[in-house]
Structure formats: structure tokens, C-alpha cells
Amino acid sequence: MRFFTLAAAAYISVLLLAGCSLRHPGETRAEVDRRHQRVLRLNNELLLSDLDRTLMLDKPSKLTDRRIP
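All chains use their own residue numbering, which begins from 1 and follows the written sequence. Only residues with pLDDT of at least 70 are given local features in this predicted model, and only at 80 or more are side-chain atom pairs given and counted; all residues enter the totals for whole chains, interfaces and linings. Excluded from the side-chain calculations are hydrogens and water; all other atoms, namely the structure's heavy atoms, are used.

Visitor: Teacher, can you tell me more about the overall build of the protein here?
Guide: For the purposes of this entry, the term helix denotes a DSSP run of H or I that reaches at least four residues, the term strand denotes a run of E that reaches at least two, and both are numbered from the N terminus. Along its length, the protein carries two helices and zero strands. Throughout, the Shrake-Rupley method with a 1.4 Å probe supplies accessible areas, and for residues the shown protein chains are the sole cover considered. Surface summary for the protein: the accessible area is close to 7300 Å², and the carbon and sulfur share equals 63%.

Visitor: What am I meant to see in the packing of aromatic side chains here?
Guide: For any pair of aromatic rings, the description consists of the separation of the ring centres together with the inter-plane angle of the planes. Two aromatic rings from Phe, Tyr or Trp, using only the six-membered ring of Trp, form a pair when their centres are within 6.5 Å; if the ring planes differ by under 30 degrees the pair is stacked, by over 60 it is edge-to-face, and anything between is tilted. Under the criterion given, the structure shown has one aromatic pair. Taking 5.7 Å as the distance between ring centres and 65° as the angle between the ring planes, the aromatic pair formed by Phe3 and Phe4 counts as edge-to-face. A relative accessible area of 60% means that Phe4 is categorised as exposed. Accessibility here uses a 1.4 Å probe with only protein chains present; expressed as a share of the type maximum, an area under 20% marks a residue as buried, one over 50% as exposed, and anything in between as partly exposed.

Visitor: What is the right way to read the pattern of salt bridges from this model?
Guide: Between side chains of opposite charge, pairing is possible as soon as their charged atoms come close. Definition used for salt bridges: Asp or Glu carboxyl oxygen within 4 Å of a side-chain nitrogen of Lys or Arg. All chains considered together, the criterion is met by three salt bridges. Here Arg35 makes a salt bridge to Glu27, at a shortest N to O gap of 3.1 Å. For Glu27, a relative accessible area of 24% gives the class partly exposed. A salt bridge links Arg41 to Glu45; the nearest nitrogen and oxygen atoms lie 3.8 Å apart. Of this pair, Arg41 and Glu45 both sit in helix H2 (residues 29–54), four residues apart, which is roughly one turn of the helix.

Here you go:
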């Protein structure tokens, strides 16, 4: 049991210290920064869109300035 625990710890430390991402191997630091900026920008746009829809600011008003008899 002790051997398997040490082997698992060694495997995890190799993965963490290797610096290679399992999701995007070979990605440069600039590409990671651009991806993070894009994700943050899209999240911000979606949040503002949801707020506009909640506050009903997303559509022009169909109210008239004249009284209807």
C-alpha cells in the first residue's frame, strides 16, 4: 500500500512539475494570455447582456409620448 501511495505521489508531482498542460500541450504563454483575456471579455459581455435584459434596457421602448383615448 505504501508503494502505491508513493508511486501516485511521484506521478502527480511529475505532472505538476513538468509544466505541460494536458488540455493544451505546446501552447505558448502568449496564447494562454490571449485565451484568458478572450474568456474574461466574453464573460463580461454575457454578464452585461444578462443585466440589460433583466433591467429591460436591451430593447427600445414601444411606449408612445401621446395619450391614447
